[in-house]
Amino acid sequence: MGSRTDLTDAQWERLEPLLPVSNGRCGRWRDHRQVVNGVLYRIRTGVQWRDLPERYGPWKTVHERHRRWSADGTWEMLLRRIQAEADAAGEIDWDVSVDSTSVRAHHHAAGARHAPPPVLKGGSAQMVKAARVRAELIGRLAEVGAGGEALGRSRGGFTTKIDLSADGHCRVLSLVITPGQCADCTQFEPVMEKIRVPRLGCGRPRTTPDSVSADKGYSNRRTRRYLRRRGIRHVIPEKRDQEAGRARRGSAGGRPPGFDKDRYKKRNTVERAINKLKTFRAVATRYDKRGYVYLGTVTAAALVIWLHS
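Numbering of residues begins from 1 in every chain and follows the order in which that chain's sequence is written. Thresholds applied to this predicted model are a pLDDT of at least 70 for local features of residues and 80 or more for the giving and counting of side-chain atom pairs; totals over whole chains, interfaces and linings are not thresholded and use all residues. Based on all heavy atoms of the structure, the side-chain values leave hydrogens and waters out of the count.

Engineer: Got a sec to walk through the overall build of the chain? Specific residues and values, please.
Structural biologist: Think of it this way: any DSSP run of H or I at least four residues long counts as a helix, any run of E at least two long counts as a strand, and we number them from the N terminus. Across its full length, the chain carries 12 helices and seven strands. With a 1.4 Å probe rolled over the protein chains alone, any residue whose accessible area is under 20% of its type maximum counts as buried; one over 50% counts as exposed, and the rest are partly exposed. Within the chain, the fraction of its 309 residues that count as buried is 51%. Whether two residues are in contact is decided by their heavy atoms, any of which lying within 4.5 Å being enough. Sequence-distant contacts in the chain: of pairs separated by 6 or more residues, those separated by 24 or more amount to 68%. When the accessible surface of the chain is totalled, it reaches about 15600 Å², and 48% of it is carbon and sulfur. To measure how exposed things are, a 1.4 Å probe is used in the Shrake-Rupley method; for residues, cover is taken only from the protein chains shown.

Shown next as C-alpha cells:
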C-alpha cells in the first residue's frame, strides 16, 4: 500500500531520468523511488526519521540520502531541471513576487556542533562544485546565525526565515534561509541572484524576470537601484516616512516611484506559494539541526509543488 505523499507514475517518469545513477563510493544507489518517497513522506508529515514506515526501507538509508543530496545540491539541481522543462513549455509566468516567512524551530533543531556541511568527494564534478558552493554559503551564515545553522533567537525561541521568490502560478523560483531576525530587505538581492532557470537546449539560463513585486519591507534605495541596474520593472509601494521625506526636500527629493495597482494585486501569488510550502509539516516547523539539511527539506518541498502543477 502506498501513501498519498508518494510520487505517481507520471511524476516518477519525469523525475527518474534526472536522478544520479552512481553514489560515487561503491556502485549504484538503492532503489531511488522507494527512498525518495520515504523522504517526501517525512517532509509532508514531519515524523521522526526513526518512525518512517517499513515500506520505505531502513530509515538510516532514507535519512542519509536526504542529508547527502542536501549537501551536494542534488535537490536544487532537480528543482532547476523541472523549472527548465516548464520554461521550455512556456508554463512559467515571469511576473515574479518576493516575500519571506518565519518558521518556528523545534527545540530538537538546536544544539548542533558548529561545523560546515561535508564537501562530498563522490559523484560528478558538477555535484562536487555545488557542494563547495553550499559549504561557502553555510560558512557565511555562521557570521549571523546560531552556530552557522540559520537559527535566530526571539522571545519565543529559535526561528528561521525563508526568503523566496515565486512565479505567477504560486511556485517557488528561488529561496534562501536566514536566521529569523534578519530583515527582509537584506536578502532581496541573494533571492534575485538565485533565480536561474536553465535552458534545455543551448543558451544561458534565464535570470531576469519580466517584473518584480514586493511589499513595503523592500522599499529602499538599494533595492530600487539594483532593479534599475538590471532593467527589471518593479512594483514596490513607498513607505509613508520615505514619501514624507521626499516631499520635504521638494524638487531635490525627486519624483515618486511608479506604482501599478493592478500589477501589485498579483503579489498574493508569493503568499499562496508560502501557504503551499507550509502544508509540509517539516517545513512549517523546523526539526533539522543543520541549516543545509533544512534548506534541502524546503527545496524538496518546492520540487513536489512543481511536480504537482
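Engineer: Before we move on, could you go through the environment of Pro237 and cite the residues and values that matter?
Structural biologist: Checked against the element boundaries, Pro237 lands in the loop between β6 (233-235) and α8 (240-248). Taking C-alpha positions, Pro237 is 6.7 Å from Phe259, a pair spaced 22 residues apart along the chain. Once residues within four sequence positions are removed from consideration, Pro237 is found in contact with Ala214, Asp215, Lys216, Ser219, Arg224, Phe259 and Tyr264.

Engineer: Give a detailed account of the confidence of the model for the chain, specifying residues and quantitative values.
Structural biologist: Confidence of the predictor at the level of single residues is captured by pLDDT, which takes values from 0 to 100. For the chain, per-residue confidence averages 86 on the pLDDT scale, and 84% of positions sit at 70 or higher. The low-confidence segment residues 138-147 (pLDDT under 50) makes 17 contacts with residues lying over four places distant or belonging to another chain.

Engineer: Explain the layout of surface pockets residue by residue, including any values.
Structural biologist: Within this model, the second largest pocket holds a volume of roughly 440 Å³. Around the second largest pocket, the lining comprises 17 residues; the ones closest to its centre are Arg42, Trp49, Tyr287, Asp288 and Lys289. Counting residues per element, the ones that place at least two in the lining of the second largest pocket are α3 (59-72) and α12 (291-308). The element that contributes the greatest number of residues to the lining of the second largest pocket is α3, accounting for three residues. In terms of residue class, the lining of the second largest pocket is made up of six nonpolar, five polar and six charged. Grid spacing is 1 Å over the protein atoms alone, the probe is 1.4 Å, and a cavity is where that probe fits but cannot get out, while a pocket is an open set with protein on both sides within 12 Å along at least five of seven lines and lining residues have an atom within 4 Å of a point. Grid points are joined across faces, edges and corners, and a volume is the space filled by probe spheres set on the points. Throughout this entry, Asp, Glu, Lys and Arg are counted as charged residues, while Ala, Val, Leu, Ile, Met, Phe, Trp, Tyr, Cys and Pro are counted as nonpolar. The remaining residues, Gly among them, count as polar.

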